[in-house]
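Fold and geometry: a report
Here's the letter readout for the chains.
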Amino acid sequence: MSAIMQLCDVSLRFGSKHVLSNVNLSINQGTLLGLVGRSGAGKTTLLRVLTGMIAPSSGKVFLPNRASLKKMVGFASQEYSFYPQLSVVENLWYFGRMYGLSSRVISSRIKELLVLMQLEEARHRIASKLSGGMKRRLDIALALIHDPPILVLDEPTTGLDVFLQEMVWSLIHRIHALGKTVIISSHDLRELEKWCTELVIVSNGKLIGGQELKSLKGARQLEVVFREVCDARV
Amino acid sequence: MRAFSASFEKDMKLLFRNWTSLFVSVIGPLSIMLVLIIAFSDLGFNSITIGHVVDPANVRFDSLWPKLSYVGNFVPYASLDDCTADLKTQRLHLCLQPSGDALNAYFDNTRELISLILLNQVRAAVNAEKEALVRQKAAGFLGEVKNTADFLDSSGSFAAVLLKDLERQRVDLVQAKSDLRSTREDVELRIDELREVRSEVSSAHSQAESAKSQGFGKAEATLGEADAALYNAYNVAAATGDAASMSAISAARSEVQASRNDLSEARSLVDGELSRVQKVIDGIDEALQSLERARDVIIRNEQRVSNAIETIDQRSVELRDLQTRIDQQGSKLDDLGKTSVDEVVKPITVGFMPLFVGSERLRDLEAGWDLTENQKQRLLNFGTIQTFLPFVLSLLICFVATMLSNILLLEELHSPAFLRNQLMPRSWLVSFGSLFLTVLFVTTCQVLVILLMGYFIFYLDILKSLGTLLAVLLLLIGTHTLIGMTIAYVVRTKTTSLLVCAFFLMVTLILGGVVYPVERMASFMSTVASLIPFTSGISMLQQSLFYNVSLSDLLGPLAILIVIFFGAAVVMCVARWAFMDSCRRG
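Reading the values: the criteria
- Residues numbered from 1 in each chain as written.
- Chains lettered and ligands numbered in written order.
- Predicted model: local features only at pLDDT ≥ 70, side-chain atom pairs only at ≥ 80, totals over all residues.
- Heavy atoms only, no water.
- Helix = DSSP H or I, 4+ residues; strand = E, 2+ residues; numbered from the N terminus.
- Contact = heavy atoms within 4.5 Å.
- Areas by Shrake-Rupley, 256 points an atom, 1.4 Å probe, with all protein chains shown as cover.
- Buried < 20%, exposed > 50% of the residue type's maximum accessible area, 1.4 Å probe, protein only.
- Disulfide = S-S within 2.5 Å.
- Buried area = accessible area lost by both parts, 1.4 Å probe.
- Salt bridge = Lys/Arg side-chain N within 4 Å of Asp/Glu carboxyl O.
- Polar contact = N/O pair within 3.5 Å; in protein donor to acceptor, adjacent residues only side chain to side chain.
- Pairing = 2+ DSSP bridges.
- Expected span 1.5 Å × (residues − 1).
- Arc of directions from axis to C-beta.
- Axes fitted to C-alpha atoms, helices over the stretch in contact; angles between N-to-C directions.
- pLDDT = per-residue confidence, 0-100.
- Core = buried A, V, L, I, M, F, W, Y, C linked by side-chain atoms within 4.5 Å.
- Phe/Tyr/Trp six-rings, centres within 6.5 Å; stacked < 30°, edge-to-face > 60°.

1. Some remarks on the overall build of chain A
- Broken down by element type, chain A carries 9 helices and 9 strands.
- For chain A, restricting intrachain contacts to residue pairs at least 6 apart in sequence, the fraction spanning at least 24 positions comes to 69%.
- By element, 50% of the accessible surface of chain A is carried by carbon and sulfur atoms, the whole surface being about 10400 Å².

2. Overview of the overall build of chain B
- On a plain count of helices and strands, chain B comes out with 17 helices and 4 strands.
- Counting all 586 residues of chain B, 37% fall into the buried class.
- Residue pairs in contact within chain B that sit at least 24 positions apart in sequence constitute 79% of those at least 6 positions apart.
- Put simply, chain B shows about 32100 Å² of open surface, and 61% of that area lies on carbon and sulfur atoms.

3. Side note on the state of the cysteines
Residue and element names in this part refer to chain B.
- Applying the stated criterion across every chain, the model contains 1 disulfide over all chains.
- Here Cys 83 connects covalently by a disulfide to Cys 95, the sulfurs 2.1 Å from one another. Measuring the twist about the S-S bond at about -115 degrees, one finds the Cys 83-Cys 95 disulfide to be left-handed. Pair noted here: Cys 83 is in helix 4 (residues 80–88) and Cys 95 is in strand 3 (residues 94–99), with a separation of 12 residues, a long-range link. For the pair shown, Cys 83 and Cys 95 are each scored as buried.

4. Comments concerning the interface of chain A and chain B
- Listed by partner, the interface residues are 32 residues for chain A and 24 residues for chain B.
- In this assembly, chain A packs against chain B so that about 2700 Å² is buried in total across both faces, 61% of it on carbon and sulfur atoms.
- For chain A, the biggest contributors to the area lost against chain B are Tyr83(A), Gln85(A) and Met98(A); these three give 24% of the whole.
- Counting every contact that joins chain A to chain B gives 3 salt bridges.
- Taking the shortest distance from any N to any O, the salt bridge between Glu90(A) and Arg17(B) comes out at 2.7 Å.
- At the boundary of chain A with chain B, the tally comes to 13 residue pairs in polar contact (both at pLDDT 80 or more).
- Counting residues per element, the side of chain A that touches chain B draws most heavily on helix 3 (residues 88–98) of chain A, at 5 residues.

5. Side note on the side chain of Ser87(A)
- The residue Ser87(A) is located in the loop between strand 5 (73–76) and helix 3 in this model.
- Setting aside residues up to four positions removed in sequence, Ser87(A) forms contacts with Arg123(A), His124(A), Arg125(A), Ile126(A), Ala127(A) and Arg17(B).

6. Considerations on the environment of Ser182(B)
- Of note, Ser182(B) is situated in helix 5 (residues 112–240).
- With 116 residues separating them along the chain, Ser182(B) and Ile298(B) place their C-alpha atoms 9.9 Å apart.

7. What about the pairing of strand 3 of chain B?
All names here are of chain B.
- The buried fraction of strand 3 is high, at 5 of 6 residues.
- As paired strands, strand 3 and strand 4 (residues 102–107) are joined by 6 bridges and run antiparallel to one another. Bridge pairing in strand 4 links Cys 95 to Tyr 106.
- Remark: 2 residues form the turn of the hairpin made by strand 3 and strand 4, two consecutive strands paired antiparallel; Gly 100 in that turn has positive phi of roughly 65 degrees.

8. Let's talk about helix 4 (residues 103–116) of chain A
Residue and element names in this part refer to chain A.
- With 14 residues, helix 4 extends 20 Å between its outermost C-alpha atoms, agreeing within 8% with the 20 Å of an ideal straight helix rising 1.5 Å per residue.
- Those residues of helix 4 that sit buried are Ile 106, Arg 109, Ile 110, Leu 113, Leu 114 and Leu 116. Each buried residue of helix 4 lies within a common arc of 155 degrees when the element is viewed along its axis, so the set occupies one face. In helix 4, the exposed positions angled more than 90 degrees off the buried face are occupied by Arg 104, Lys 111 and Val 115.
- Those residues of helix 4 hidden inside the fold are in contact with helix 3, helix 5 (132–144) and helix 6 (162–177).
- Phi for Gln 118, located one or two positions after helix 4, is positive at around 55 degrees.

9. Brief notes about the sheet that holds strand 8 (residues 198–203) of chain A
Residues and elements named next belong to chain A.
- What the 6 strands build is an open sheet, ordered 5-6-7-3-8-9; its pairing is mixed. The sheet terminates laterally at strand 5 and strand 9 (206–209), the two strands that pair on one side only. With strand direction ignored, the average angle separating the axes of adjacent strands in the sheet is 20 degrees.
- Examined bridge by bridge, strand 3 (residues 32–37) and strand 8 share 5 bridges and lie parallel to one another. Looking at strand 8, one finds that Gly 34 is bridged to Leu 199.
- The strands touched by helix 5 are strand 5 and strand 6 (150–154); relative to strand 5, the strand with the most contacts, the crossing angle is about 165 degrees.
- Against the sheet, helix 6 contacts strand 3, strand 6 and strand 7 (181–185), and its axis sits at roughly 150 degrees relative to strand 7.

10. A word on the confidence of the model for chain B
Residues and elements named next belong to chain B.
- Chain-level pLDDT for chain B is 82 on average; 93% of the residues reach the 70-or-more range.
- The element-level mean pLDDT for chain B is lowest in helix 9 (residues 373–386), coming to 65, with helix 13 (residues 466–491) highest at 91.
- Two summary scores accompany this predicted model of the complex, namely pTM at 0.67 and ipTM at 0.87.

11. Here's the deal with the nonpolar core
- If you look at the biggest cluster of nonpolar residues, it comprises 90 residues, and the most contacted ones within it are Met5(A) and Leu92(A).
- The greatest single-element share of this core, amounting to 7 residues, is contributed by helix 5 of chain A.
- Not counting residues within four places of it along the chain, the set of residues in contact with Leu92(A) comprises Ile106(A), Ile110(A), Leu113(A), Leu114(A), Leu138(A), Ala141(A), Leu142(A) and Ile145(A).
- Leu389(B), Leu409(B), Phe436(B) and Cys501(B) belong to the second-largest nonpolar core, a separate cluster that totals 66 residues.

12. Observations regarding the packing of aromatic side chains
Residue and element names in this part refer to chain B.
- Counted under the stated rule, the structure contains 14 aromatic pairs over all chains.
- Measuring from ring centre to ring centre gives 6.3 Å for Phe 391 and Phe 534, while their planes differ by 80 degrees; the resulting arrangement is edge-to-face. With Phe 391 in helix 10 (residues 389–413) and Phe 534 in helix 16 (residues 533–547), this residue pair connects regions lying 143 residues apart in the sequence.
- Exposure remark for Phe 391: the relative accessible area of 26% places this residue in the partly exposed category.

13. Looking at the sheet that holds strand 3 of chain B
Residues and elements named next belong to chain B.
- If you trace the 4 strands from one edge of the open sheet to the other, you get 2-1-3-4, paired in mixed fashion. Each edge of the sheet is formed by a strand with only one pairing partner; in this case those strands are strand 2 (73–77) and strand 4. The mean angle between the axes of side-by-side strands here comes to 25 degrees, regardless of whether they run parallel or antiparallel.
- As paired elements, strand 1 (residues 49–53) and strand 2 share 5 bridges and run parallel to each other. Within the sheet, the bridge partner assigned to Gly 51 lies in strand 2 and is Val 75.
- Relative to strand 3, helix 4 is tilted by about 160 degrees, and along the sheet it contacts strand 1, strand 2, strand 3 and strand 4.
- Against the sheet, helix 5 engages strand 3 and strand 4, with an angle of about 170 degrees to strand 4.

Following this line, the structure appears as structure tokens:
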């Protein structure tokens, strides 16, 4: 599998505080990558670098064919990120336009996403009036409106009940099954270990993943390794 | 372009689906317009109460109260303390206290605006009353002046008559003097003649006396001698007894005696004549004395006449001089008497000439109608209402543009969609531009509504200066939009940001001279006021709307406004950069 995104010696500093230090990460196409780490470890910051929201202080993010990072990546955070006063279709239409899509493409994508996210019946409902699950689905639909090859989800199941968590994971699988590369950060270690094809631990701005993590983990559960790594780095 | 139009469409939808922005953009301004229309529908004095202290000993100002009845209700008070007590508790607007010739007006200077307006009315009424009194006195005075002028005129005429009389009298006196002189000369002549006569008579008398004395003496002596001789001869004769001789001698002696008697008679006659001559001489002397006395009298009278003539000459000169002065003064007084009461009462007047007396359209309309006085007054009020339009426009722009841009931007920054918008592959200028355009569009719509109202309801000459108006208005809207956005980026929280906007508006109104004239503030305030977009906006709107001042003539203040606009844009960009930097840091 070819790498769809590469981070080379990426560091990020806010003033004197080092948030990310010499991060090297190669994300293969079609991967379902799980990111774990303690609160404040730098997961969200890493995701922001991956989505292009923040530029690294040093190092580079490589993409194939010099593509635009923002057009390559779709992002859904743990807080819903849409206009509550607009309807489902209005939100999709607006963000589709922001991605520079034509009316024909947007109309087509909206139809596909509404089916995929099971929001056909709520298409004209004002977003604030949607249920929790519908809001989550709308958020993910907005992340996919421009059909990005990479989808980044920041703690998508946080705050949801079990049924909604199952619904979200089901959705993630369907999206992954479409051939998308999904990067997901979560505190749900069991689900990540169960479903992710690759895992990365973020601890104090550094990454432990790939072969290093595999050799650390061995046959142990991810949670044990996670505790070990995070305690050691405290 | 697609992104821009989508963003604009989104902003418009959000604006009308948000009660706060809906209120600021639609409900609030409409309410303000409605309130203003109602408030200015009838310009006059309402609910004004003025107290006046009653002083039975001073009724001088009693006639004033009915003349001021249009201003408000007049309530009598027994004492000044009661009146000012009610003034302090705002039950009254003014307290008027007659004090001798003065009317003391006690006003609450903490309510300066209405107090000054009312004081102006009172001052105007008092001045009118004063003018009436002065006019009355002036009329009386001018009447007296006229009478005096007439009197002087008649005095001048009388003086002319007197002069003529004096002239005549002088002529008579000169004549009399001449007559006296000739009489004197005659008298002197007569005196000389009489003197000569006297001299001759006296000489003749003397000669006669001497001749008498001599003649008669000799004669008597001769006769005596003769008599004696005759006696002797008689004696001789007697002696001789010459009777014939004695008779002859006696006859001769009798003749001699008769001659002696005749001589004595003649002597007596001569004496008598001599005494008569002497009497004549005495008479002549008396006549001479009389003539001399008469001459003296004539001379004295002549002198008197001369003096009289001199006096008359002097008095004539003086009288002529007096006449000239009387004529001059009379002429002056006559001119003064022709002065009108108005010229005396109002030697200099202040003419209040408002430059703007209503739009041309209003005046054309007025000219085409046959209006009652009440309607004319209402139209005059219309002209006053028209002058409020620049203030209303600037206030609306200041309020709506600032608050709306602030609200919309804060809604955007606090919106859940903010994070997703950071991921969009488009410049921040798209969202900024669409938000800016949204505020510009909404505010411009409201401005257009007001301009339409101004055109169709208040008959303002909008079309003549439409280009300039729109340029100024758009610049004002843009500047205040940027200010609202800057406040949103700096303050970031909704409530505080709205408070800051409200504070900004309040400061703008105060420093812009709405509440208190800038000209009465510290000197540097005029510089500050010129930099406030609100103030310069009102100024430019007034000039273009009421006096059709063109854009080229407004280049100076327009340039300042453009600089402020770009300055606000720079500040807004810096504020945005700081905000985004803090967001990135999390």
